[in-house]
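Secondary and tertiary structure notes
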Amino acid sequence: MVRLLDELDAILLTAGDNGPNRPEFDVPEEYSHLESPSDVLQLVDTPGKGKGWTAKTPLVAGTVVMVSKPIAWTMDLEAYNDEDEMEDEEEDEGDEGVDGSKSNDHVVLRVLQRIKENPSIWFEQVSALYPRDNIGTLPTWNCKDDNILSQFGSLLRQIEGIPQLQGKSDEIRQRLPLIIRYNVLSIETCSELLSYPGPTGHSLLGGVGLFHLPSFFNHSPRPNVSRYAVGNIMWFVCNQDIPQGQEVCISYVEHDVLCENAKRRNAMLRMDFQEPEDGSGSTDHDGPPFPVVDSDVQMELMEMDPFQRMDAIDELMKQATGEALPEGERSEEDGMDAGGSAWFQCDIQNLRILKAITLESLGQSTRALGLWEECIQFSETNMPPNDESSIVVRVQAALCSWDVKDKDRARKHAAIALNTHNLMFGGGVNRFRRRYMKEFCLNLRKNKDSAETILWPLQ
Ligand SMILES: C[S@@+](CC[C@H](N)C(=O)[O-])C[C@H]1O[C@@H](n2cnc3c(N)ncnc32)[C@H](O)[C@@H]1O
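Residues numbered from 1 in each chain as written. Predicted model: local features only at pLDDT ≥ 70, side-chain atom pairs only at ≥ 80, totals over all residues. Heavy atoms only, no water.

**So, the nonpolar core**
Ranked by size, the top nonpolar core spans 87 residues in total, and within it Trp235 and Trp456 carry the most contacts. The two domains that each donate at least three residues to this core are domain 1 (2–263) and domain 2 (283–455). (Core = buried A, V, L, I, M, F, W, Y, C linked by side-chain atoms within 4.5 Å. Buried < 20%, exposed > 50% of the residue type's maximum accessible area, 1.4 Å probe, protein only. Domains from an automatic or database assignment.)

**Points about the pattern of salt bridges**
Taken as a whole and judged by the stated rule, the model has 19 salt bridges. Through salt bridges with shared partners, a single network forms among Arg22, Glu24, Glu78 and Arg110. (Salt bridge = Lys/Arg side-chain N within 4 Å of Asp/Glu carboxyl O.)

**Thoughts on the site of the ligand**
Residues in close proximity to the ligand total 17 residues, the closest being Lys49, Lys51, Arg132, Asn218 and His219. Take Arg132: an N or O atom from its side chain is 2.6 Å from an oxygen atom of the ligand. Here the ligand has 560 Å² of accessible area as a free molecule, and 91% of this is covered by the chains. At the level of secondary structure, the elements contributing two or more residues to the shell around the ligand comprise strand E2 (50–55), helix H7 (169–183) and strand E7 (218–219). Partitioned by chemical class, the residues of the shell around the ligand number seven nonpolar, six polar and four charged. (Near = heavy atom within 4 Å. Polar contact = N/O pair within 3.5 Å; in protein donor to acceptor, adjacent residues only side chain to side chain. Areas by Shrake-Rupley, 256 points an atom, 1.4 Å probe, with all protein chains shown as cover. Helix = DSSP H or I, 4+ residues; strand = E, 2+ residues; numbered from the N terminus. Nonpolar A, V, L, I, M, F, W, Y, C, P; charged D, E, K, R; others polar.)

**Thoughts on a negative patch on the surface**
Together, Asp294, Asp296, Glu300 and Glu303 make up a region of like negative charge exposed at the surface. Within the secondary structure, Glu303 sits in helix H9 (residues 295–303). (Patch = residues over 30% accessible without salt bridge, like charges linked within 9 Å, V, L, I, M, F, W, Y side chains within 5 Å. Lys, Arg positive; Asp, Glu negative; His and termini not counted. Charge placed at Lys NZ, Arg CZ, Asp CG, Glu CD.)

**With respect to the pairing of strand E3 (residues 64–68)**
The buried count for E3 comes to five of five residues, which makes it a mostly enclosed element. The pairing of E3 with strand E9 (residues 233–238) spans four bridges and is classified as antiparallel. In the sheet register, Val67 faces E9, and the bridge partner there is Trp235. (Pairing = 2+ DSSP bridges.)

**Some points on the packing of aromatic side chains**
Centre-to-centre distance and the angle between the planes together describe a pair of aromatic rings. Under the counting rule described, the total for this entry stands at 11 aromatic pairs. Ring centres of Trp53 and Phe216 lie 6.3 Å apart, and the angle between their planes is 90°; on these two criteria the pair is classed as edge-to-face. Taken as a pair, Trp53 in strand E2 and Phe216 in the loop between strand E6 (207–210) and E7 lie far apart in primary sequence, 163 residues in all. Accessibility classification places Trp53 together with Phe216 in one group, the buried group. Taking the centre distance of 5.5 Å and the plane angle of 5° together, the rings of Tyr228 and Trp235 count as stacked. (Phe/Tyr/Trp six-rings, centres within 6.5 Å; stacked < 30°, edge-to-face > 60°.)

**Description of unusual backbone geometry**
With the exception of glycine, most residues fall at negative phi, and the peptide bonds are largely trans. Of note, the bond from Tyr130 into Pro131 is cis; its omega dihedral lies within 30 degrees of zero at -5°. Mapped onto the fold, Pro131 is located in the loop between helix H5 (120–124) and helix H6 (146–160). Residues other than glycine seldom take positive phi values, yet Arg270 does so here, at roughly 45°. In this structure, Arg270 sits in the loop between helix H8 (262–269) and H9. Looking at Arg270, the relative accessible area reads 28%, which means it is partly exposed.

**Some details on the sheet that holds strand E8 (residues 225–230)**
One open sheet holds the three strands; their spatial order is E3-E9-E8, and the pairing between them is antiparallel. Two strands lie at the open edges of the sheet, namely E3 and E8, each paired on one side alone. Sheet twist, expressed as the mean angle between neighbouring strand axes with direction ignored, is 15°. Across six bridges, E8 lies against E9 in antiparallel orientation. The partner of Arg227 across the bridge, within E9, is Phe236. (Axes fitted to C-alpha atoms, helices over the stretch in contact; angles between N-to-C directions.)

**With respect to H6**
If you check H6, its first and last C-alpha atoms are 21 Å apart, about what 15 residues at 1.5 Å a residue would give, namely 21 Å. Among all positions in H6, only Ile148, Phe152, Gly153, Leu155, Leu156 and Ile159 are buried. Each buried residue of H6 sits inside an arc of 165° when the element is viewed along its axis, so together they form one side. The exposed residues of H6 that point more than 90 degrees off its buried face are Asp146 and Arg157. Lining the buried residues of H6 we find helix H4 (102–117) and H7. Between the side-chain oxygen at the start of H6 and the backbone nitrogen of Asn147 there is a gap of 2.9 Å, and the oxygen is on Asp145. (Expected span 1.5 Å × (residues − 1). Arc of directions from axis to C-beta. Contact = heavy atoms within 4.5 Å.)

Taken by themselves, the reported measurements are silent on function.
This is how it looks when you write it as structure tokens:
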């Protein structure tokens, strides 16, 4: 994994004007037996859910159950030419609910290209994926890009001419876009990006892909498997002990929205099935339909001078917690008394992170430490067990504690961060230090004595 991370950094360093090249890795040899995980997982049919993976044997937390590379994938950068286009489409998607994204449309073409080159991909992998029947009951593909539609038509005509695929083009035309829609997984390298957005992070390499066996993971709002990617390779790891026979699920939505009520989770899921209501939906206040403090807002805030940023964060925090209305929605009468605006909890968490970073850069490390510890509390209460987000904030809490000379506290946070990381990602302190290298370099702390070499000494 360290080698792959180094290669990713090299790809980013040599990126040209059109962005970085696609990282195309093979599953590392030590994990290749997990491309087909028949020793640990079993496919079963569950009424109402279709096929899904279950544990074939008892699985302990930290077990890697599958490692996979996509049949085909696209980086978002390749699919979207400019930001405006991406924003316009997000608005459209909100209205129409079931429309595919442009990245998905690119994956449709890439999978079709792969089927053309190697027809067995259709027969042995893609055609086995959901939806397999009753496709007439599902919303049809709504591709708005004429160029993609014409390439799709042209590839289908070429496919019709391939002897093994003769008579298949109608089925492929109808099913493939739906297969992509219901099975693609987002690919983001390492969620430590949560605390490290920006042009030198790995966000440029993000995209979506169609995977074969991972497509049989069903969704749960309480997933017992977490996933992470390095380049185009995806790891699936048990985040808790799983008894034999229990269903093994991932979350189709980002972990940081899992603590929202079922109504909001369902809106984020945008699938043809709904998670059952959990009783919390009815108390929803009018809040934004999607999280607000995304990576663009975070970058915008980080570009401000720290004092100005503190004011902006405090103002957003008030809006997020319902103490104030967003700018433009205030009137003389209601002033700041908006009441219950109910933003997403992950927005509040992101604002806490940004505020802690800002306070530390202003030398107010004791106040920052309080916020880092609130972040830990939030992650550990609301995210799936052993979530990477809690490791990220523990790393910061350890470094911040060291800065305020609370060495015991620093060692405690450091040990928990390393142990959790080792459970979910393996590789001991070397891999840990490689993955958090950029976090260590954040230029926040007055104490520049490389606390990381003391807190996480190489063995
Ligand atoms: C990626 S596929 C998962 C594998 C699928 N069950 C199959 O039979 O191939 C996604 C589809 O599985 C079904 N699904 C996944 N999680 C579900 C859940 N928690 N409840 C009901 N259906 C679910 C939905 O039909 C969804 O569109």
